[in-house]
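Coordinate inspection notes
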Amino acid sequence: MITDFHYKGASPGKRIFITVMIIIMCLYGILIIYPLFNMFTSSFKTNRAILSTPFSLPSEFSLQNFKTVWIDKGFSHFFYNSILVTLVSMFFVILFGSMAAYGIARYTYKGNTLVYMLFLSGIMLPLKAAIIPLFLIIKSMGLINSRLSVIMIFMAMGLPSTVFILSGFMKSVPVELEYAARIDGCNDFTIYWKIVMPMVAPALALVTIYNAVPIWNDFFFPLVFLQSNAMKTLPVGLSTFFGQYSTNWNLLFTGLSIAILPMLILYLFMSKYFIKGMTAGAVK
């Protein structure tokens, strides 16, 4: 089989193929990792050094840029706002999304398919296309320049995909487990919380990464609804380093280096379950 990548004992043609594939994957890895490495090393340089020698290592590793960004430029406030908005949004997306998915996957009632299709329609319809009526609704609620406005929007963005993914996983959970739990006296919420949710842990990791990264990186909605500097999130805060006539590249690279850390840590801790969620059902 061509998918058998054992070099030892392989035919000459397969050895050549394996070698070419290894070289391609190494080049692809370098293509992905080097820009991140260059961004991180540039955060220790001055603006002049970045423009004169953009691909060289810094002459000295000073944390002055990090101090300037974090304290002087108020980056800590942007970081706090992004952490708060992302955590609260993801909490309610997973809570409400898992409840809705459990109801769709386990309960049979009139209109079940209609409810499911309504959630799926949220995946097909871009929320940014309705920015004007959405702005008017948020303004009428008095939530302009409030974190709650973007939290509600991110919840609306994340729920359709969450319901779609989790309902598919919950349908694969054996019904016999629920029958046994009911015999032991468990109610619906206990079955949902203590039996079904642990069984779909890989799907929860998949949903978390799938939704948390776009929420963390979103620039459009915080720009529209969060107008004061005290409420800005990281993507909007990073735009302050771009000037009309010049750009503070050293501070920008420093801010970007800080901004990628939470999502990088999230993926490293949840990658095992994320891969399980992506490959679940691939092999029978």
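Residues numbered from 1 in each chain as written. Predicted model: local features only at pLDDT ≥ 70, side-chain atom pairs only at ≥ 80, totals over all residues. Heavy atoms only, no water.

Topic: the overall build of the chain
Across its full length, the chain holds 14 helices and 0 strands. Each principal axis of the C-alpha distribution contributes one length, and for the chain these read about 70 × 70 × 35 Å. With 284 residues in all, the chain has 38% of them scored as buried. For the chain, long-range pairs separated by at least 24 residues make up 71% of all intrachain contacts whose partners lie at least 6 apart in sequence. Total accessible area on the chain is roughly 17200 Å²; 71% of this is exposed by carbon and sulfur atoms. Treating the 19 positive side-chain charges of the chain as one cloud and the 8 negative ones as another, the clouds have centres 8 Å apart. (Helix = DSSP H or I, 4+ residues; strand = E, 2+ residues; numbered from the N terminus. Buried < 20%, exposed > 50% of the residue type's maximum accessible area, 1.4 Å probe, protein only. Contact = heavy atoms within 4.5 Å. Areas by Shrake-Rupley, 256 points an atom, 1.4 Å probe, with all protein chains shown as cover. Lys, Arg positive; Asp, Glu negative; His and termini not counted. Charge placed at Lys NZ, Arg CZ, Asp CG, Glu CD.)

Points about helix α13 (residues 249-259)
In terms of burial, α13 is a largely internal element, 9 of the 11 residues being buried. When we look at burial in α13, the residues that qualify are N250, L251, L252, F253, T254, G255, S257, I258 and A259.

Here we look at the packing of aromatic side chains
One pass over the structure, following the stated rule, counts 19 aromatic pairs. Here the aromatic cluster, defined as three or more aromatic residues joined through ring pairs, consists of Y102, Y107, F189, Y192 and W193. Here the guanidinium or amino end of K171 rests over the ring plane of Y116, the centre of that ring lying 5.3 Å away. (Phe/Tyr/Trp six-rings, centres within 6.5 Å; stacked < 30°, edge-to-face > 60°. Lys NZ or Arg CZ within 6 Å of the ring centre and 35° of its normal.)

Some details on the nonpolar core
Counting 33 residues, the largest nonpolar core has F75, V150, F221, F225, L234 and F241 as the members making the most contacts within it. No other element matches the 6 residues that helix α4 (residues 75-106) contributes to this core. Excluding anything up to four places from it in sequence, L234 contacts F75, F78, F79, S82, W216 and A259. Judged by nonpolar contacts, the second largest core, of 19 residues, contains A105, L166, M197 and L206. (Core = buried A, V, L, I, M, F, W, Y, C linked by side-chain atoms within 4.5 Å.)

Section: unusual backbone geometry
The backbone of N145 sits at a positive phi, close to 65°, despite the residue not being glycine. The topology assignment puts N145 in the loop between α6 (131-140) and α7 (147-171).

With respect to a nonpolar patch on the surface
Taken together, the side chains of I23, M25, L27, Y28, I30, L31, I32, I33, Y34, F37, F55 and L57 make up a nonpolar region of the molecular surface, amounting to roughly 1300 Å² of accessible area. Summarising the element assignment, L57 is placed in the loop between α2 (47-52) and α3 (64-72). (Patch = residues over 30% accessible without salt bridge, like charges linked within 9 Å, V, L, I, M, F, W, Y side chains within 5 Å. Salt bridge = Lys/Arg side-chain N within 4 Å of Asp/Glu carboxyl O.)

Regarding the packing of α4 against helix α5 (residues 112-124)
Relative orientation of the contacting elements α4 and α5 amounts to 145°, with a least axis distance of 10 Å. Crossing handedness for the pair α4 and α5: left-handed. Mapping the contact onto sequence places A100, G103 and I104 in α4 and N112, V115, Y116 and F119 in α5. Of the residues that constitute the contact of α4 with α5, the class distribution is 5 nonpolar, 2 polar and no charged. (Axes fitted to C-alpha atoms, helices over the stretch in contact; angles between N-to-C directions. Left-handed = near helix turned anticlockwise from the far one by under 90°. Nonpolar A, V, L, I, M, F, W, Y, C, P; charged D, E, K, R; others polar.)

So, the environment of R147
Tracing the backbone shows R147 in helix α7. Each C-alpha atom, one on R147 and one on R106, is 34 Å from the other, the two residues being 41 residues apart in sequence. Beyond its immediate stretch of four places on either side in the chain, R147 contacts Y80, N81, L84, V85, L226, A230 and M231.

Quick word on the packing of helix α8 (residues 175-183) against helix α9 (residues 188-199)
It is the contact of α8 with α9, at a shortest axis distance of 10 Å, that shows an interaxial angle of 140°. Judged by the angle between their axes, α8 and α9 are oblique. The handedness of the crossing between α8 and α9 is right-handed. On α9, the residues touching L177, E178, A181 and R182 of α8 are D188, I191, I195, V196 and M199. For the contact of α8 with α9, the class distribution of residues is 6 nonpolar, no polar and 3 charged. (Parallel < 35°, antiparallel > 145°, perpendicular 65-115°, else oblique.)

Regarding helix α1 (residues 12-42)
Between its first and last C-alpha atoms α1 spans 44 Å; for 31 residues at 1.5 Å apiece the expected length is 45 Å, and the two agree. Taken as a whole, α1 carries its principal kink of about 30° at I33; the proline P35 stands between one and four residues after it. All of the buried residues along α1 are I18, N38, M39, T41 and S42. Contact partners of the buried residues in α1: α2 and α13. (Expected span 1.5 Å × (residues − 1). Bend = angle between axes of the 7 residues up to and from the residue.)

A few points about the side chain of S98
On the secondary structure map, S98 appears in helix α4. With sequence-adjacent residues up to four places away left out, S98 is seen in contact with V93, L166, M170, Y192 and M197.

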